[in-house]
Amino acid sequence: MEMLRTVFASISKSASPNASCTMGRRSRSLRTGLCVLCLALGLTSWEASAFDVAEWGYWSNTSRNLEMPTAMFDIECRIIMGNDEQWDFAYEKAESSLEKHKRTVDVDLSEFAHAVEERPDADSLIADYTTIRMALKGYLNDWLYVVDSYSYYYGTFGEPEQPRQTRYIGRLKPFDLSLYEATLMRLPAEFREYILGAAAYYAGDWDSAVIHFGAILKLPENQRRYRSVWAAFMLGKTYLQLDPAKAPEYFELARRLAEVGFRDPLELALECGGWQARGEMLAGKYVQAIHRYAAIANGGSQSLRVVCRRALSADPIDPALVGDDLARRIMTAWAMAHPQSTDYPDKRLLADKWLTALEQFRPEGAIDSADRMAWFCYQRGALDAAEWWLDHCDPQSPYGRWLRSKFLLRSGDLEAGALLLRQLTGEFPASHQWRVEWSESGLRAVHVRHVVRQDLAITYLQQGNYTGVLELVCEWASNDDVDFFAEQVLTVDELKAFVDAPPETLLTVSGDPVLPKYGGIVSLERLRTLLACRLARERRWDEAMQYLSEDSRLRNAAQDVRKHLAAVADESQPSTERGRSLFELGRMVEGWGHALFNLEPVSPPQKSGHMESMPDFQQRLRDSRETPSEREYRYMAADYMWRAAELLPDNDPLTAEALYLGGTYLKKDPKAADRFYKALVRRNPNRLIAQQANQRRWFPKNFTDVVVYQPCAEQHWYDRKRNIALVVLLVVALAMLVGWFVLKSRSDASRSNLKGEI
């Protein structure tokens, strides 16, 4: 809070004190906008440490399941007070000092008018009192602006740790009452003494303030009906400056006076508890202050943290703080919220002092909230002390059992630790929260159930139970983490088994209402689609079809792809028909490949380097097929176009288009596209697209199926008469030659027979 005060003080100094009361609406709107901006930026530096905004990158440290989280002090206080309602961030707007003072002046004037209404000179008295009161109001506005310019406009969530007005005595001149002496003497005694006391209080004249406020309480009861509660209350505030030990009795007196009927239109009696506790704190009575603040509505956590810090700053620490059950729990809650406060080294040292005090406290038997003491000791690395406190806490305490799981994991018993964590995932109340994170809708609390699930996920990861990790990640992590484990870590068959028998958490519509979601619980339909895409990448189209929604366009596209693949595989079909199917397949892959193969980039969880050092993890990343890039599926589509062109005739318009489209798919890789360009020119000489490509020495911007010329029909040898005549002559000549050989053979045979007879 000090950071915010400093920022707003520097902003407010741009206006002079005297001009502050007449600030225009435009200037005030600007300050309000700056207030909201600085509140958002400074929220993590809130003195209360109510927020522990963690830049997680949860997977960056796979030993995180051995750590206990940092508690939220506000939530711990609510739990200690028995308030199990879920905590939210809707703080009520604090009333500014300016607004509070204006309300006080309005009530004062109304009360004065009521007190003197029966007097004959009532009108003149009211006018004179109004003059004095408005003059004092202007003075006090300037005073309040100088003391605390931030709360002057925007209010404060709690009282400052140190009295502020003592720092600014002398910055403004005391209010000059000499101008109103005659008027003051005409006023009723209780109003006159209160004006004098207020002027002395704001001038820092504490002794005079005590005299004037005390004079009111010495008046007869019928003469102090209007200002008795106010006087007692201001006496308490004055003694906070003089002697804080005396302040509580006057705040108690103010409360009693209001109870017996003295007028209290400002309801100061309701504020007395906090101021009384403040007096006890300033007097060093920290146990009494803690009990009194704890009795205030909403637990008074804003002021309790101030008490804790002051109590731990004392040297030595009051032993009563450790011995008193409530004080011990509150002090431990504060220390749990600052276990390793690197931003505030002084807070870390104070937490160390409390650890030392706890280690020296060794009572007998069961101890209330011993699980929290064990938690804090574990946070600080005092494992022996943590185990001692665990032995003295309720065995069924979920926090004690959670801490026991840490000890099991530290000993290497991952199976027992995981089993215990699994049992604990549903045992914590929904109102128990331990961290705050930023989300798209603003700040949100992270519940202890969520943190336990994270511990269990890390343990499963260490065991190699990646299916268990995916189940937990689906409940609380981002979609990127879900995609990473489903795509890169689980095998296709493991993911298929997970989807075929999904855990009950994926069957619900909204999931656990206390678990934070980045985009709603991961639906089973999302995982089914992702599985279908992985099956498609492995060409297991029949299986992929089973996991796509019946009415989805993606399913229709997958059906078309499967139909074309079946046509290509059917060798009984003519080559031209198979070529056409390959052409359509190429177009389908190019148009739908990004969705069919789930080509959204999948990257490991942020800062996941430690994960890759775990056994079996890197091997799975290597074995798992990486998601194809846009470039890879375009190569696939181009390959289908090339195969289609091989089955189609030259100079066919579909051949030319297949080669043209296949080449343009690879335009980012000219070397690979070159063969498409050359084939387009070589195989389609009578097509305009081929001539354009030849002229540009590359693919034209647009495809055209215009024919440049029609080549003559091919003629066969038998289409000409000369060829027929030559063939006839050749046949006759061959016949005559054969006849001549036959006749000659017979003549030779006859001659041989005659010689034999002779």
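Residues numbered from 1 in each chain as written. Predicted model: local features only at pLDDT ≥ 70, side-chain atom pairs only at ≥ 80, totals over all residues. Heavy atoms only, no water.

Let's shift gears to the confidence of the model for the protein chain. As a note on interpretation, predicted positions should not be read in detail where pLDDT is low. Of all residues in the protein chain, 73% have pLDDT values of 70 or greater, and the mean over the chain is 77. When mean pLDDT is taken per element in the protein chain, helix α12 (residues 247–259) scores highest with 95 and helix α1 (residues 2–12) scores lowest with 35. With pLDDT under 50 throughout, residues 150–168 is counted as low confidence; its partners more than four residues away or in other chains account for 66 contacts. (pLDDT = per-residue confidence, 0-100. Helix = DSSP H or I, 4+ residues; strand = E, 2+ residues; numbered from the N terminus. Contact = heavy atoms within 4.5 Å.)

So, about the packing of helix α11 (residues 228–242) against helix α13 (residues 268–282). At a minimum axis separation of 10 Å, α11 and α13 run at an interaxial angle of 20°. The angle between α11 and α13 places the two elements in the roughly parallel class. For the crossing formed where α11 meets α13, the hand is left-handed. Here α11 contributes Val229, Trp230, Phe233, Lys237 and Leu240 to the contact with α13, which in turn contributes Leu268, Glu271, Cys272, Trp275, Arg278, Gly279 and Leu282. Considered class by class, the residues forming the contact of α11 with α13 number eight nonpolar, one polar and three charged. (Axes fitted to C-alpha atoms, helices over the stretch in contact; angles between N-to-C directions. Parallel < 35°, antiparallel > 145°, perpendicular 65-115°, else oblique. Left-handed = near helix turned anticlockwise from the far one by under 90°. Nonpolar A, V, L, I, M, F, W, Y, C, P; charged D, E, K, R; others polar.)

This part takes up helix α4 (residues 73–80). For α4, a buried count of eight out of eight residues is recorded, marking the element as mostly surrounded by other parts of the structure. Positive backbone phi, approximately 80°, marks Gly82, located one or two places after α4. (Buried < 20%, exposed > 50% of the residue type's maximum accessible area, 1.4 Å probe, protein only.)

The subject of this paragraph is the packing of aromatic side chains. With the rule as written, the count across this model stands at 27 aromatic pairs. An aromatic cluster of three or more residues is present, and its members are Tyr660, Tyr677, Trp698, Phe699 and Phe703. A cation over a ring is seen here: Arg225 above Phe262, with NZ or CZ 4.3 Å from the ring centre. Above the ring of Trp230, the side-chain terminus of Arg227 is found at 3.7 Å from the ring centroid. (Phe/Tyr/Trp six-rings, centres within 6.5 Å; stacked < 30°, edge-to-face > 60°. Lys NZ or Arg CZ within 6 Å of the ring centre and 35° of its normal.)

Now for the pattern of salt bridges. Summed over the entire model, instances satisfying the criterion amount to 24 salt bridges. Lys406 is the partner of Asp455 in a salt bridge, and the nearest nitrogen-oxygen pair spans 2.5 Å. Placement of the pair is Asp455 in helix α23 (residues 448–463) and Lys406 in helix α21 (residues 398–410), with a sequence separation of 49 residues. The exposure classification of Asp455 matches that of Lys406, with both residues buried. (Salt bridge = Lys/Arg side-chain N within 4 Å of Asp/Glu carboxyl O.)

Three or four residues apart is the spacing at which side chains of an α-helix point the same way, because the helix has 3.6 residues per turn. Of all the eleven residues making up helix α25 (residues 479–489), nine are buried; the element is thus mostly covered by neighbouring parts of the structure. Those residues of α25 not exposed but buried are Asp481, Val482, Asp483, Phe484, Phe485, Ala486, Glu487, Gln488 and Val489.

Here we take up a negative patch on the surface. A cluster of acidic side chains, namely Glu359, Asp384, Glu387 and Asp391, defines a negative patch on the protein surface. Within the fold, Glu359 resides in helix α18 (residues 345–359). (Patch = residues over 30% accessible without salt bridge, like charges linked within 9 Å, V, L, I, M, F, W, Y side chains within 5 Å. Areas by Shrake-Rupley, 256 points an atom, 1.4 Å probe, with all protein chains shown as cover. Lys, Arg positive; Asp, Glu negative; His and termini not counted. Charge placed at Lys NZ, Arg CZ, Asp CG, Glu CD.)

What follows deals with the packing of helix α22 (residues 414–424) against α23. At a minimum axis separation of 9 Å, α22 and α23 run at an interaxial angle of 150°. The orientation of α22 with respect to α23, classified from their angle, is roughly antiparallel. In the packing of α22 onto α23, the handedness of the crossing is left-handed. In this structure, α22 contributes Leu414, Glu415, Ala418, Leu421, Arg422 and Leu424 to the contact, and α23 contributes Val452, Asp455, Leu456, Thr459, Tyr460, Gln462 and Gln463.

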